[in-house]
Amino acid sequence: MTITRFAPSPTGFLHIGGARTALFSWAYARKYKGRFILRIEDSDIERSTEDSVSSILDAMHWLGLDYDEGPFFQTMRMERYKSTIQKLVDNGRAYHCYCSKEELDQMREEQKSKGLKPRYDRRCLHSGIKKDGVTPVVRFNNPESGSVVWEDLVKGRIEISNAELDDLILARSDGTPTYNLCVVVDDLDMRVSHVIRGDDHVNNTPRQINILKALEAEVPLYAHVPMILRDDGHKMSKRTDAVSVMQYKEMGILPEALLNYLARLCFGHGDAEIFSLKQFIEWFDFKNVSSSPARFDMKKLLWVNSQHIKQSANSELGLIVKANLDARGIRSDDGIDLVQVIDLVKSRVDNLNSLTYECSYFYQRVNISKEDKDKHLTAEACNILDTFAVGVADVQWSIDAIKQYIKDFCATNGLKMPQIGMPLRLKLCGTTQTPSFDMILYLLGKDEVLKRIRG
Ligand code: GLU
């Protein structure tokens, strides 16, 4: 069975690189009708926080990446890690090391001065000496010769010589297990078949494979997906870039648009740019995942978002917009049908905040800036509007009749369309940037139109 996992460390919010990894792991499990596990890697107690855990869970929920098992927490599995370490010691695949920091520093200096790569020289493995009063660390007895080879599903064949690998510490002197050991035991116990993660973990993989082999466990398949960089090719930073998934929610990005964009960033299927999650699951294949770093492009994300907004059901968008309007104290549930308003304005926006704004002027009194007033509501424009209002009273309220009235009004008074359009837009909506004004008139209704023109 295909079993994948997403294993974030709760040392901050869920960032977009993590969301992309979660998406790939989730989609792969869904494609092969397998299982997707969420595992919170909180073994680094100093840096893990409960706030981070909740923000990761919130972001997974918002993205709609549901998991079949978990969340599992490493801090709940300490006994299991400890017994595994003991087993490795008993089998001679790990050993106690009593070297002090000073000894290790000296060893490193000597190696460096001889032009050698600094690594633990295994003196405690060979001497078998115990030092009274010193609590040892446990080191992995890494194979000395040969190499570790795996066929990475994204990067292809990778081979690392064992000579390159140090005897990794598995347990600190206080007995707590270290990162790589926990990951290995978890992947083993959770029967993970495909480890899908960021390629910043490539260096851990040969170490983890060696530990798995020492435990006589089956080695999973690995897929290391590329980093997501800023559009200038630099690493993204929490300080200057929107890296948290939830920041995109704040910006009015739809979760399905963010996932579509993140998928497309590192994966291709012909020239398809806009696709649903269902479609992505069907298409997803590591063969079509790029192995080089991706560059994040906000403009492209907004374009993808605009396409998803266009494709979304008006009723679905209505729920989001209504909640946004409620949050701003604007009631939208009696009067003009929000779904119709959304239908009118949704093709004009690339985010849900703009969508909310474009809907808002249907439900509240409009404010007109002094600048707009001076420019568009001149004495002449106000006269035109007054005359326009008089005729409005007699219009049968249908789109066609409204269109006809506007046309006739311009013809009779020798006006060009913008001469009535601009002041009318401003009076009705508080802005001159609006969708077609015959539709606005229609949706607002005759009474409201007259109220706003005269108000
Ligand atoms: N906890 C690691 C991280 O957040 C992921 C480890 C893994 O996927 O193996 O980067």
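Residues numbered from 1 in each chain as written. Predicted model: local features only at pLDDT ≥ 70, side-chain atom pairs only at ≥ 80, totals over all residues. Heavy atoms only, no water.

S.K.: How should the pattern of salt bridges be read in this particular structure?
M.R.: As a working rule, side chains carrying opposite charge can pair if their charged atoms are close by. Going through the model one piece at a time under the given rule, you end up with 34 salt bridges. The partner of Arg348 in a salt bridge is Glu358, with the nearest N and O atoms 3.2 Å apart. Of this pair, Arg348 sits in the loop between helix H13 (338-345) and helix H14 (352-360) while Glu358 sits in helix H14, placing them 10 residues apart in sequence. The class of Glu358 is buried, set by a relative accessible area of 9%. It is possible to trace a salt-bridge network through shared partners that takes in Arg5, Arg39, Glu41, Arg77, Arg80, Asp186, Asp187 and Asp189. (Salt bridge = Lys/Arg side-chain N within 4 Å of Asp/Glu carboxyl O. Helix = DSSP H or I, 4+ residues; strand = E, 2+ residues; numbered from the N terminus. Buried < 20%, exposed > 50% of the residue type's maximum accessible area, 1.4 Å probe, protein only.)

S.K.: I would appreciate a short explanation of the site of the ligand in the present structure.
M.R.: The immediate surroundings of the ligand are formed by Arg5, Ala7, Pro8, Ser9, Glu41, Tyr179, Val183, Arg197 and His201. Take Arg5: an N or O atom from its side chain is 2.7 Å from an oxygen atom of the ligand. A distance of 2.6 Å separates a nitrogen atom of the ligand from a polar atom in the side chain of Glu41. Here the ligand, which alone exposes 300 Å², has 81% of that area covered by the protein. Looking at the shell around the ligand residue by residue, the class counts come to four nonpolar, two polar and three charged. (Near = heavy atom within 4 Å. Polar contact = N/O pair within 3.5 Å; in protein donor to acceptor, adjacent residues only side chain to side chain. Areas by Shrake-Rupley, 256 points an atom, 1.4 Å probe, with all protein chains shown as cover. Nonpolar A, V, L, I, M, F, W, Y, C, P; charged D, E, K, R; others polar.)

S.K.: Looking at this model, I keep getting lost on the side chain of Arg197. Mind explaining?
M.R.: Relative to the assigned elements, Arg197 resides in strand S9 (residues 194-198). Asp187 provides the closest opposite charge to the buried, unpaired Arg197, separated from it by 4.9 Å. Within the structure, the side chain of Arg197 is placed 3.2 Å from the side chain of His224, a separation counted as a polar contact. Setting aside residues up to four positions removed in sequence, Arg197 forms contacts with Arg5, Thr21, Val183, Thr205, Gln208, Tyr222, Ala223, His224 and Val225. (Lys, Arg positive; Asp, Glu negative; His and termini not counted. Contact = heavy atoms within 4.5 Å.)

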